[in-house]
Amino acid sequence: MLKFSESVSFDRRLAPFDIAGSKAHSAMLAHVGLITPGERNAIHAGLDAILAQIKGGRFAWDEKLEDVHMNIERALTRRVPAAAKLPTARSRNDQVATDMRLFFKYACAALGVRVLGVQRALLGVADANRGVVMPGYTHLQRAQPVCASHHLLAWIEMLERDRTRLSEVAGKANVCPLGSGAIAGTTLPIDREFAARMLGFVDRRGRPRVTQNSMDAVADRDLFIEFALACALLGVHFSRIAEDLILWTSSEFRFVSLPDAFSTGSSLMPQKKNPDACELLRGKSARLQGNLHTLLTLVKGLPMTYNRDLQEDKPPVFDSFDQASMCADVLEGTVRGMSFNRGRCADAASDPALLATDLADYLVSRGVPFREAHHAVGAVVALAESRGCAIPDLTNAEVNRVHPRFGKGWASVFDLDRALSMRKGTGMPGPAQVARQLARWKKTLG
Ligand code: ARG
């Protein structure tokens, strides 16, 4: 049962938050006169000493004391007799809820910084490869040419949503449950706002934010799920980026090469350089989704309020945080060391068929309704295919037999630089717009 029920093996990492919570709680107890200032000072000194021991790896954790809370409480009581008053008006239920809210505020900020690192790496590569043109894909078929930087900027957009999501989770975490007790608060005259203020659970104007229902405060695990969701979706984004990179490094594409430090060889085939980092990024996303699912299932059938099942809420959260953080670091390194093969990208983008839509736009600019233009260009594509030549190699006469509005200027559409420079509207992949977006991101990402 000891082995089965202990959580200190994984919740000991909450120690700094638990100690911060206990310092605030004891300060509040002194503030309302439930302990003396001397007792508060002794408790604070004891907690500081214990934190120093923990940080120095000198603290003797004991499984028999179940969790981080009881381990610290016992160690404190041994040093400071007044520690027997620390649990006044507090239960492990509001204590662990508080610890985890402090953890989420920290974790969201820390993970956000790592995601920012990936974005900055992507921005650097996008900036250094402004001139690289490649095909953009739909259905994994070559669709239309784009600046490679535009593709990288798409990933930056994606990751910006992840950073926003993380800061929203941190915002929701910013409410203090202390004072909820086990379920029904306390009969003692505590000052919840005082403790909340001390722990930084305050709004922009410095006003304390405290939970408004003691039962919900100890039963609620929404933040765990929302944090795991933020990590899972971040993982999905990392996985999609990784998948593009895996495709781009294959012999079939050879658009980019990845740094050796983030690739591996085969134990059998001497010629192989495998994109293992990217494959693991894809794989880890499964694990991050699993953690989300674990938490959703953990909570779904629980009666109000706290149930011991909830102790199982921490391993998936910590795992998501640790794995997502590592994923970000590995992706940042991979991106920093990647290089584009300009020639291969240009070759792939040079197929005139990628500008078939531009040819339809050309007809539209000459007064042809789009559906009719689409149809005419389809016929031109088929004609070139049957002749075994590229579209621009067809003659004026052949093309004008398909539709008279093609006239003489139709072949100018197949100038790739021109085609890209015409895509200059907001959000489009032409070089002028890409330059604007790069400048915008440089400002945003610092
Ligand atoms: N280790 C417990 C957890 O993480 C702390 C709360 C325990 N509360 C209780 N009443 N047994 O859930």
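In the block above lies the structure referred to throughout.
What comes next concerns the included structure.

Cut-off values and rules
Residues numbered from 1 in each chain as written. Predicted model: local features only at pLDDT ≥ 70, side-chain atom pairs only at ≥ 80, totals over all residues. Heavy atoms only, no water. Near = heavy atom within 4 Å. Polar contact = N/O pair within 3.5 Å; in protein donor to acceptor, adjacent residues only side chain to side chain. Areas by Shrake-Rupley, 256 points an atom, 1.4 Å probe, with all protein chains shown as cover. Phe/Tyr/Trp six-rings, centres within 6.5 Å; stacked < 30°, edge-to-face > 60°. Helix = DSSP H or I, 4+ residues; strand = E, 2+ residues; numbered from the N terminus. Buried < 20%, exposed > 50% of the residue type's maximum accessible area, 1.4 Å probe, protein only. Patch = residues over 30% accessible without salt bridge, like charges linked within 9 Å, V, L, I, M, F, W, Y side chains within 5 Å. Salt bridge = Lys/Arg side-chain N within 4 Å of Asp/Glu carboxyl O. Expected span 1.5 Å × (residues − 1). Pairing = 2+ DSSP bridges. Contact = heavy atoms within 4.5 Å. Core = buried A, V, L, I, M, F, W, Y, C linked by side-chain atoms within 4.5 Å.

## Description of the site of the ligand
Near the ligand, the surroundings consist of Ser7, Asp67, His69, Arg92, Asn93, Val96, Tyr306, Gln311 and Lys314. Within the side chain of Ser7, an N or O atom sits 3.5 Å from a nitrogen atom of the ligand. For the ligand, a nitrogen atom lies 3.0 Å from a polar atom in the side chain of Asp67. Considering the ligand on its own, with 340 Å² of exposed area, one finds that the protein chains cover 86% of that surface.

## Some remarks on the packing of aromatic side chains
Evaluated as defined, the whole model comprises 17 aromatic pairs. Aromatic pair Phe17 and Phe103: ring centres 6.1 Å apart, planes at 85°, arrangement edge-to-face. With a gap of 86 residues between them, Phe17 in helix 3 (residues 15-31) and Phe103 in helix 6 (residues 92-128) connect regions that are remote in the sequence. Since its relative accessible area comes to 15%, Phe17 is described here as buried. Since its relative accessible area comes to 2%, Phe103 is described here as buried.

## Considerations on a nonpolar patch on the surface
A surface patch of nonpolar side chains, amounting to about 280 Å² of accessible area, comprises Ile183, Met215 and Met304. Mapping Met215 onto the fold places it in helix 9 (residues 214-219).

## Describing unusual backbone geometry
For the bond from Met304 to Thr305, the omega torsion is 0°, close enough to zero to count as cis. Non-glycine residue Ala89 carries a positive phi angle of around 60°. Position of Ala89 among the secondary structure elements: in the loop between helix 5 (68-79) and helix 6. By relative accessible area, Ala89 is classed as buried at 14%. Notably, His139 is not glycine yet its phi reads approximately 55°, a positive angle.

## Observations concerning helix 12 (residues 314-336)
The end-to-end C-alpha distance of helix 12, which contains 23 residues, comes to 33 Å, matching closely the 33 Å that a straight helix rising 1.5 Å per residue would cover. When you tally the buried positions in helix 12, you get 17 out of 23 residues, the bulk of the element.

## Considerations on the pairing of strand 1 (residues 133-138)
For strand 1 and strand 2 (residues 141-147), the ladder comprises six bridges, and the chain directions are antiparallel. Bridging from a neighbouring strand, Val133 pairs with Cys147 of strand 2. Linkage of strand 1 to strand 2, two consecutive antiparallel strands, is achieved through a turn of two residues, within which His139 is found at a positive phi near 55°.

## Remarks on the side chain of Asn129
Mapped onto the secondary structure, Asn129 falls in the loop between helix 6 and strand 1. Setting aside chain neighbours within four positions, we find Asn129 in contact with Ser149, Phe340 and Arg342.

## Considering the pattern of salt bridges
All told, the structure shown has 25 salt bridges when counted by the stated rule. For Asp62, the salt bridge goes to Lys64, with nearest N and O atoms at 3.8 Å. Residue Lys64 is classed as exposed on the basis of its relative accessible area of 59%. Note that Asp203 is salt-bridged to Arg207, the shortest N-O span being 2.9 Å. The class for Arg207 is partly exposed, based on a relative accessible area of 43%. Among the ionic contacts, a cluster of salt bridges with common partners joins Glu66, Asp67, Arg92 and Arg308.

## Some words on the nonpolar core
Residues Phe103, Phe227 and Phe340 are the most contacted members of the largest nonpolar core, which totals 102 residues. With 16 residues, helix 6 is the single largest residue contributor to this core. Those residues within four positions of Phe227 in sequence are excluded, and the remaining contacts are Phe104, Ala107, Cys108, Leu166, Val169, Val317 and Phe321. Judged by nonpolar contacts, the second largest core, of 21 residues, contains Leu355, Leu359, Ala384 and Val413.

Just geometry here; none of it tells us what the structure is for.
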